[in-house]
Amino acid sequence: MTALPPSASADSEPSALSAGGLTASMQALLQSQFGGAPRPVPAPAPTPPAPEPQTGDEWPLAARTLIDSLIRENIRLKADIKALTEQVALAEHHADHDVLTPTLNRRAFLRDLGRAMGDGRRYGDPACLIYLDLDGFKAINDTYGHAAGDKALIHIAERLNANVREGDSVGRLGGDEFAILLRHADVSVARSKAQKLEAELNIATFEHQGLYLRVGGSFGVRAYEGQASAEEWIAEADAAMFLVKKSSR
């Protein structure tokens, strides 16, 4: 058996490792076989830091200008829509309301009558019509002028509106003639309402040039009983009013 050279003896091999993780004898052996020490493994390249998110100040000038323009345009469009909505609401109000008094005009009142008639036919909902013709209105016009007559009409309309429910309708049919549609009311309720309104008009006054004037009225009541049209219903209530006025003379 061939003896190991002194340099290869295990007893003479140092226990400490070199910086590369090899003993001195192992390094010598590698150097004799391959002509050099093993190449060190390169350290991994550092990971580049993630880019920070952009802030508003980093937007290009053209983009910021476009965004500002869109915001201003959005504000302008909202203002235009609001103005148009208000104009439409005002136009609808003028289309449905009397030009002088705070009541529905004849066209809008006939529309409400038609709806009440439809509910009566479909669901059996009761409804009554009260027809009012003013007493003494012509004398006020002739004595104090048309301005006093206009005040009288406004006064009557305000009194009627103050004495009906939210779901009821008050309309000026023309001249000094008014009508009230009472929904969900039978004849007894309507007659009681007409008597109350008549009593209130007889004591209520309105002011004109320092004078306190009064105007009364005659009321006719007619329930919905399957009339063919709104105009027919009004004509029947008008006839009932005429009988009341005639009997009071």
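Located above this text is the structure these notes cover.
As the structure is a computational prediction, the values presented were derived from the model and not from experiment.

**Q** Lay out the side chain of threonine 101 with the relevant residues and their values.
**A** Within the element layout of this structure, threonine 101 appears in the loop between helix H2 (61–96) and helix H3 (106–123). A distance of 2.7 Å separates the side chain of threonine 101 from the side chain of aspartate 98, its partner in a polar contact. Within polar-contact distance, the side chain of threonine 101 engages the side chain of threonine 103 at 2.8 Å. The residues touching threonine 101, leaving out its near neighbours within four places in the chain, are Leu153, Ile154, Ala157, Arg172 and Phe178.

**Q** How would you summarise the pairing of strand S6 (residues 216–223) if you had to cite specific residues and measurements?
**A** Burial within S6 is extensive, with seven of its eight residues counted as buried. Pairing of strand S1 (residues 127–135) with S6, which is carried by eight bridges, proceeds in the antiparallel orientation. Directly across from leucine 134, in S6, lies its bridge partner glycine 217.

**Q** I'd like to hear about the packing of helix H4 (residues 137–144) against helix H5 (residues 146–161), residue by residue, with values.
**A** Close contact between H4 and H5 brings their axes to 6 Å; oriented N to C, the two are set at 145°. Between H4 and H5, the residues in contact are Phe137, Ile140, Asn141 and Tyr144 and His146, Ala148, Gly149, Ala152 and Leu153, respectively. Of the residues belonging to the contact of H4 with H5, the class tally is six nonpolar, three polar and no charged.

**Q** A description of the sheet that holds strand S2 (residues 169–174) should follow, citing residues and the corresponding values.
**A** Strand-to-strand pairing in sheets goes through backbone hydrogen bonds, with the strands running parallel or antiparallel. Here four strands make up an open sheet; going across it, the order is S2-S3-S1-S6 and the pairing antiparallel. With one partner strand each, in any of the chains shown, S2 and S6 form the two edges of the open sheet. Strand after strand, the sheet turns through a mean of 25° between neighbouring axes, direction not considered. Bridge count between S2 and strand S3 (residues 177–183): five bridges; the pairing is antiparallel. If you follow glycine 171 over to S3, its bridge partner there is alanine 179. On the sheet, H5 packs against S1, S2 and S3 and is oriented at approximately 10° with respect to S3. Here helix H6 (residues 187–203) sits on the sheet and contacts S1, S3 and S6; the angle it forms with S6, its principal contact strand, is near 175°.

**Q** Describe in detail the pairing of S1, supporting the description with residues and values.
**A** Most of S1 is tucked away, with eight of its nine residues classed as buried. The pairing of S1 with S3 spans seven bridges and is antiparallel. Across the sheet, residue aspartate 133 finds its bridge partner in S3, namely glutamate 177.

**Q** Account for H4, with residues named and values stated.
**A** For H4, the full list of buried residues reads Phe137, Ile140 and Asn141. All buried residues of H4 lie within an arc of 100° about the axis, which places them on one face of the element. More than 90 degrees from the buried face of H4, the exposed residues found are Lys138, Asp142 and Thr143. On its buried face, H4 sits against S1, H5, strand S4 (206–208) and strand S5 (211–213). Two residues or fewer past H4, glycine 145 is found with a positive phi of approximately 95°.

**Q** Before we move on, can you summarise the pattern of salt bridges with the specific residues and values?
**A** For the structure shown, the criterion picks out 16 salt bridges. Here arginine 172 and aspartate 98 are joined by a salt bridge, their closest N and O atoms 3.1 Å apart. Residue arginine 172 is found in strand S2, and its partner aspartate 98 is found in the loop between H2 and H3; the two are separated by 74 residues along the sequence. Using a relative accessible area of 15% as the deciding quantity, one classes arginine 172 as buried.

What counts, and where the lines are drawn
- Each chain carries its own residue numbering, running from 1 in the direction its sequence is written.
- For this predicted model, a pLDDT threshold of at least 70 governs which residues receive local features, and a threshold of 80 or more governs which side-chain atom pairs are given and counted, while totals over whole chains, interfaces and linings are taken from all residues.
- The basis for every side-chain value is the complete set of heavy atoms in the structure, and neither hydrogens nor water enter the calculation.
- Going along the chain from the N terminus, every DSSP run of H or I of four or more residues is numbered as a helix, and every run of E of two or more is numbered as a strand.
- Any pair of nitrogen or oxygen atoms within 3.5 Å is treated as a polar contact; in protein, a donor-acceptor pairing is required on top of that, and neighbouring residues in sequence qualify only through side-chain atoms on both sides.
- Note on contacts: a residue pair is in contact if any heavy atoms of the two residues lie within 4.5 Å.
- Each residue is placed in one exposure class: buried if its accessible area under a 1.4 Å probe, protein chains only, is under 20% of its type's maximum, exposed if it is over 50%, and partly exposed if it falls in between.
- Any two strands are treated as partners once DSSP identifies two or more bridges connecting them.
- Lines fitted to C-alpha atoms define the axes here, with helix axes fitted over just the stretch in contact, and angles between the N-to-C directions of these axes take values from 0 to 180 degrees.
- The classification used treats Ala, Val, Leu, Ile, Met, Phe, Trp, Tyr, Cys and Pro as nonpolar, Asp, Glu, Lys and Arg as charged, and all other residues, Gly among them, as polar.
- Think of the arc as the fan of directions from the helix axis to the C-beta atoms.
- Salt bridges are defined as contacts in which a side-chain nitrogen from Lys or Arg sits within 4 Å of a carboxyl oxygen from Asp or Glu.

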